[in-house]
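Residues per chain are reported as follows:
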Amino acid sequence: MKVIITGAAGQLGQALRRVAPAEIGAVPLELIATSRSGGAGTIPLDLADAKACRALVQEHRPDWLINAGAYTAVDKAETEPELAQAVNAGAPAAFAQALQATGARLLQVSTDFVFNGAQGLPYRPDQPVDPLGVYGASKAAGERAAAVALAPDRLCILRTSWVYGPVGKNFLLTMLRLMREREQLGVVADQVGCPTATAGLAQACWAVLEQGVSGVHHWSDVGAASWYDFAVAIAELGKVAGLLENPARINPITTADYPTPAQRPSYSLLDCTATRQALQRSPLHWREALRQVIGDVVA
Ligand SMILES: NC(=O)c1ccc[n+]([C@@H]2O[C@H](COP(=O)([O-])OP(=O)(O)OC[C@H]3O[C@@H](n4cnc5c(N)ncnc54)[C@H](OP(=O)(O)O)[C@@H]3O)[C@@H](O)[C@H]2O)c1
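First, a word on scope: everything that follows refers to the structure included in this document. Because the structure is predicted, anything quoted here is derived from the model rather than measured.

### Thoughts on the nonpolar core
So, step 1. F95, L106, M175, M179, I234 and L290 are the most contacted members of the largest nonpolar core, which totals 60 residues.
So, step 2. The set of elements that each furnish at least two residues to this core consists of α2 (50-60), α3 (81-102), α4 (134-149), β8 (155-160), α5 (171-181), β10 (184-188), α7 (227-240) and α9 (286-298).
So, step 3. Looking at which element gives the most residues to this core, the answer is α3, with 8 residues.
So, step 4. Setting aside chain neighbours within four positions, we find I234 in contact with F171, L172, M175, L176, M179, K239, L244, L290 and I294.
So, step 5. The next biggest cluster of nonpolar side chains, apart from the first, holds 27 residues, and it includes A33, A68, L107 and A202.

### Topic: the side chain of T196
So, step 1. Residue placement: T196 occurs in strand β12 (residues 196-197).
So, step 2. Among all residues touching T196, those that are not within four sequence positions of it are T160, S161, W162, V163, Y164, L201, W219, S220 and D221.

### Description of the packing of aromatic side chains
So, step 1. Tallied over the full model, the rule gives 8 aromatic pairs.
So, step 2. Arranged with centres 5.2 Å apart and planes meeting at 65 degrees, the rings of Y164 and F230 form a pair that is edge-to-face. Pair noted here: Y164 is in strand β9 (residues 163-164) and F230 is in helix α7, with a separation of 66 residues, a long-range link.
So, step 3. With 5.1 Å between their ring centres and 20 degrees between their planes, F171 and F230 make a pair best called stacked. Taken together, the positions of F171 in helix α5 and F230 in helix α7 put the pair 59 residues apart, joining distant regions of the chain.

### What to know about α3
So, step 1. In this model, α3 (22 residues) spans 31 Å end to end at C-alpha, consistent with the 32 Å of a helix rising 1.5 Å per residue.
So, step 2. Where α3 bends most, at G90, the angle is about 35 degrees, and the proline P92 comes one to four residues later.
So, step 3. For α3, the full list of buried residues reads A84, V87, N88, A89, A91, P92, A93, A94, F95, A96, A98 and L99.
So, step 4. Buried positions along α3 lie against β1 (2-6), α2, β6 (64-67), β7 (105-111) and α4.
So, step 5. Of the residues flanking the end of α3, it is G103, one or two places downstream, whose phi is positive at about 80 degrees.

### Things to note about the pairing of β1
So, step 1. Here β1 lies mainly inside the structure; 4 of its 5 residues are buried.
So, step 2. Strand direction decides the pairing type here: β1 and strand β4 (residues 30-35), joined by 4 bridges, are parallel. Each bridged residue has a counterpart across the sheet, and for V3 the counterpart in β4 is L31.
So, step 3. Where β1 and β6 come together, 4 bridges link them in parallel fashion. Within the sheet, the bridge partner assigned to I4 lies in β6 and is L65.

Conventions and cut-offs
Residues numbered from 1 in each chain as written. Predicted model: local features only at pLDDT ≥ 70, side-chain atom pairs only at ≥ 80, totals over all residues. Heavy atoms only, no water. Core = buried A, V, L, I, M, F, W, Y, C linked by side-chain atoms within 4.5 Å. Buried < 20%, exposed > 50% of the residue type's maximum accessible area, 1.4 Å probe, protein only. Helix = DSSP H or I, 4+ residues; strand = E, 2+ residues; numbered from the N terminus. Contact = heavy atoms within 4.5 Å. Phe/Tyr/Trp six-rings, centres within 6.5 Å; stacked < 30°, edge-to-face > 60°. Expected span 1.5 Å × (residues − 1). Bend = angle between axes of the 7 residues up to and from the residue. Pairing = 2+ DSSP bridges.

This is the structure in structure tokens:
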């Protein structure tokens, strides 16, 4: 089975390559990875170039394309809306159009930031989206564009939340650095979601292909946390693992204390019940997943 992965140099892209199965449905996996630069065994692809996205599919004629690449700079997107839109909506639209023509399937990775966070209950996949910022709006537009172009049984949209892993740019690695550099840190305690480790998310993506799942789905690790809870756990588990000798003291602050260009949902838990059943997978509790990722950082 031939599969294209975009964003192969990103957090999820790297994990997808790390945990790729040897075969899918007894058919050997042939993997084609793309990244912006084309380094480390990847083909160069600019996701803002819709023509190039279509040409990639036409040239390689994959069975599936996993679109893990995205414009993920949530705050910067507020001042670069055209670029965010081109990458997060233009690329999935172009992929979907080309895959519709070649008869193949798309796994479009999306985000909890398509929701406004106001309902105070975990979001089900069938609930209406209402993004608060440019990033969320561009990802929601990508979902819509893919659904317009591609037959429903050939599109899976997998939303996830608070992604982190042992490599890349993420909250865990930023916190580990700041906790070494500073004596005290204020971390937002009134935004609640669920941290999701890249390894489990990548395995869920491969399960989508293995099970031939379509429709809108939600995947995160188990449980709920504020950014403050997440930071406190990083300090505790980082110390146990020997990554932090004397971690900074973590103080809870409010969103109002830490203004950012983009407004974020205050409660963006995803209801993953149906997806766990469809994929026949049980994710880890986020704290256990964090312990494992910290183990990978140490190794
Ligand atoms: N990170 C999160 O907390 C989070 C939460 C929910 C959902 N998601 C979704 O999960 C997916 C994977 O995210 P991630 O955390 O792995 O993000 P990531 O680490 O930022 O990786 C995204 C990749 O896309 C690449 N990219 C951006 N613009 C590009 C362009 N114009 N052409 C080619 N490549 C481009 C980036 O390349 P450069 O490094 O060169 O920019 C990067 O390698 C995305 O769909 C994201 O929206 C992420």
